[in-house]
Amino acid sequence: MNTTLKDSPPAKPVKPAKPAGKPTAKQANPEHSRLYSKFIPAYEALWPLIVRRRVLRSIEALNITPNAKVLEVGIGTGMSMPAYPKHAEVTGIDLSDDMLAQARVKIEREGWDHINVQPMNAQKLEFPDQSFDFVTTFHVVSVVSDPQEMMSEIARVVKPGGSVLIINHFRSENPWVAKVIDRADPFTRHLGWRTNVSYGDVVGELPLEVKVQPKSSPFSLFTILHATRLEQAA
Ligand SMILES: C[S@@+](CC[C@H](N)C(=O)[O-])C[C@H]1O[C@@H](n2cnc3c(N)ncnc32)[C@H](O)[C@@H]1O
């Protein structure tokens, strides 16, 4: 399938920025939102309508090679799974057993022997260094309590020259827009995500060459980042 990436203007390199903080004791931790345990039917009904197409097209554009080892971090209910080619070996991890139960139902129903899912913390991946050719993560960076730790784990487990695909809402680079959206953060944390995570904060210092895919619309809430694992820390 053709993707918008091929038709887009050249991607911009990422600059490091100041680090994003972990939630303080007084702030809600999005990771613990009941959206990812008690309200899964509502999540499944609405969320794919907003994000599914972008996720599936972005995975297809990776052109995952035969026998490639792929990790999806925070796979949730497995909305992305139809896009992974059967010639790859896909592992999905997530903190929520309830989300993974939904993913397992889909795997069983579709007979997707190339995908397995398991409970694991994105901030403490239980895989050796340089285990995967591709790592993907969609809408998780702003949910975990420590986004820098999660990204540093991803950089650790991807092979040198391997690819990382991240789709997430990130803080606007326009200071006025960012200021307005930041005001929603205390509210959205309760729902299950943060609005004030900047991509420079989470990927800027890692041994990754990161490119930002230009947004399909200036009103799009989501940013697509493509990263390649460098041989050594810069
Ligand atoms: C907004 S959902 C996105 C799920 C899926 N990637 C998608 O796009 O539909 C965020 C997911 O991150 C998971 N999550 C939150 N904190 C996590 C952590 N520390 N480790 C692994 N998964 C985590 C949640 O359980 C939830 O499934």
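Residues numbered from 1 in each chain as written. Predicted model: local features only at pLDDT ≥ 70, side-chain atom pairs only at ≥ 80, totals over all residues.

The name recorded for the protein in an unreviewed UniProt entry is Putative methyltransferase YcgJ, from Roseimaritima ulvae.

Trainee: Please provide a residue-by-residue account of the overall build of the protein, values included.
Mentor: Helix and strand content of the protein: seven helices and eight strands. For the protein, buried positions account for 39% of its 234 residues. Sequence-distant contacts, at least 24 apart, represent 73% of the contacts inside the protein between residues at least 6 apart. (Helix = DSSP H or I, 4+ residues; strand = E, 2+ residues; numbered from the N terminus. Buried ≥ 20, exposed ≤ 12 C-beta atoms within 10 Å, placed from the backbone. Contact = placed C-beta atoms within 7 Å.)

Trainee: Residues and numbers for helix 4 (residues 147-157), please.
Mentor: The buried fraction of helix 4 amounts to eight of the 11 residues, a majority that puts the element mostly inside the structure. The set of residues buried in helix 4 consists of Pro147, Gln148, Met150, Met151, Glu153, Ile154, Ala155 and Val157. Next to the buried residues of helix 4 lie strand 2 (69-73), strand 5 (132-138), strand 6 (158-169), helix 7 (199-203), strand 7 (208-213) and strand 8 (222-229).

Trainee: Can you break down the nonpolar core residue by residue, with the values?
Mentor: Formed by 53 residues in total, the largest nonpolar core has its most connected members in Val135, Ile154 and Val203. With residues near it in sequence (within four places) discarded, Val135 still touches Leu71, Val73, Ile154, Val157, Val158 and Val164. (Core = buried A, V, L, I, M, F, W, Y, C linked by C-beta atoms within 7 Å.)

Trainee: Describe in detail the pairing of strand 4 (residues 115-119), supporting the description with residues and values.
Mentor: Here five bridges tie strand 3 (residues 89-94) to strand 4, and the two strands are oriented parallel to one another. Across the sheet, Ile93 pairs through a bridge with Gln118, a residue of strand 4. (Pairing = 2+ DSSP bridges.)

Trainee: Explain the site of the ligand residue by residue, including any values.
Mentor: Neighbouring residues of the ligand: 20 residues in total, closest Gly74, Gly76, Leu95, Ser96 and Ala122. Here the residues of the shell around the ligand sort into 12 nonpolar, six polar and two charged. (Near = placed C-beta within 6 Å. Nonpolar A, V, L, I, M, F, W, Y, C, P; charged D, E, K, R; others polar.)

Trainee: So, the pairing of strand 6: which residues are in play, and what are the values?
Mentor: Among the 12 residues of strand 6, nine are classified as buried, and the element is accordingly described as predominantly covered. Direction of pairing for strand 5 relative to strand 6: parallel, over a ladder of six bridges. Within strand 6, the position partnered with Thr137 by the bridge is Ile166. What joins strand 5 to strand 6 is helix 4, and the crossover it makes is right-handed. Of the pairings in the sheet, the one linking strand 6 to strand 8 comprises seven bridges and is antiparallel in character. Each bridged residue has a counterpart across the sheet, and for Leu165 the counterpart in strand 8 is His226. (Right-handed = clockwise from strand over helix to strand, strands pointing away.)

Trainee: Tell me about unusual backbone geometry, and please be specific about residues and values.
Mentor: The general pattern is negative phi for most residues beyond glycine and trans for most peptide bonds. For Asn63, which is not glycine, the phi torsion reads 50° and is therefore positive. By secondary structure assignment, the location of Asn63 is in the loop between helix 2 (40-60) and strand 2. Overall, the presence of 11 C-beta atoms within 10 Å leaves Asn63 in the exposed class. In the Ramachandran plot, His139 falls in the positive-phi region, its phi being about 60° despite a non-glycine side chain. Residue position: His139 is located in the loop between strand 5 and helix 4. Residue classification places His139 among the buried residues on the basis of 20 C-beta atoms within 10 Å.

Trainee: Give me the environment of His32: which residues, what numbers.
Mentor: With respect to the helices and strands, His32 occurs in the loop between strand 1 (12-13) and helix 2. Of the residues examined, His32 has 17 C-beta atoms within 10 Å and is grouped as partly exposed. Each C-alpha atom, one on His32 and one on Val144, is 8.9 Å from the other, the two residues being 112 residues apart in sequence.

Trainee: With reference to specific residues and values, describe the environment of Tyr36.
Mentor: Note that Tyr36 resides in the loop between strand 1 and helix 2. Sequence separation between Tyr36 and Asp98 is 62 residues, and the spatial gap between their C-alpha atoms is 7.2 Å. In this view, Tyr36 contacts Ser96, Asp98, Met99 and Gly192; residues no more than four positions away in its chain are not counted.

Trainee: Go over the environment of Glu209, please, and point to the residues and values.
Mentor: Relative to the helices and strands, Glu209 is located in strand 7. A tally of 15 C-beta atoms within 10 Å means that Glu209 is categorised as partly exposed. When the C-alpha atoms of Glu209 and Leu230 are compared, they prove to be 6.6 Å apart, with 21 residues separating the residues in sequence. Contact partners of Glu209, with chain neighbours within four places excluded, come to Ala227, Thr228 and Leu230.

Trainee: I'd like a description of the confidence of the model for the protein, backed by residues and values.
Mentor: Considering every residue of the protein, the mean pLDDT works out to 86; 87% of them sit at 70 or more. Between residues 1-8, whose pLDDT stays under 50, and residues either more than four places distant or in other chains, the model counts 10 contacts. Across residues 15-19, where pLDDT falls below 50, the model places 12 contacts with residues more than four positions away in sequence or in other chains. (pLDDT = per-residue confidence, 0-100.)

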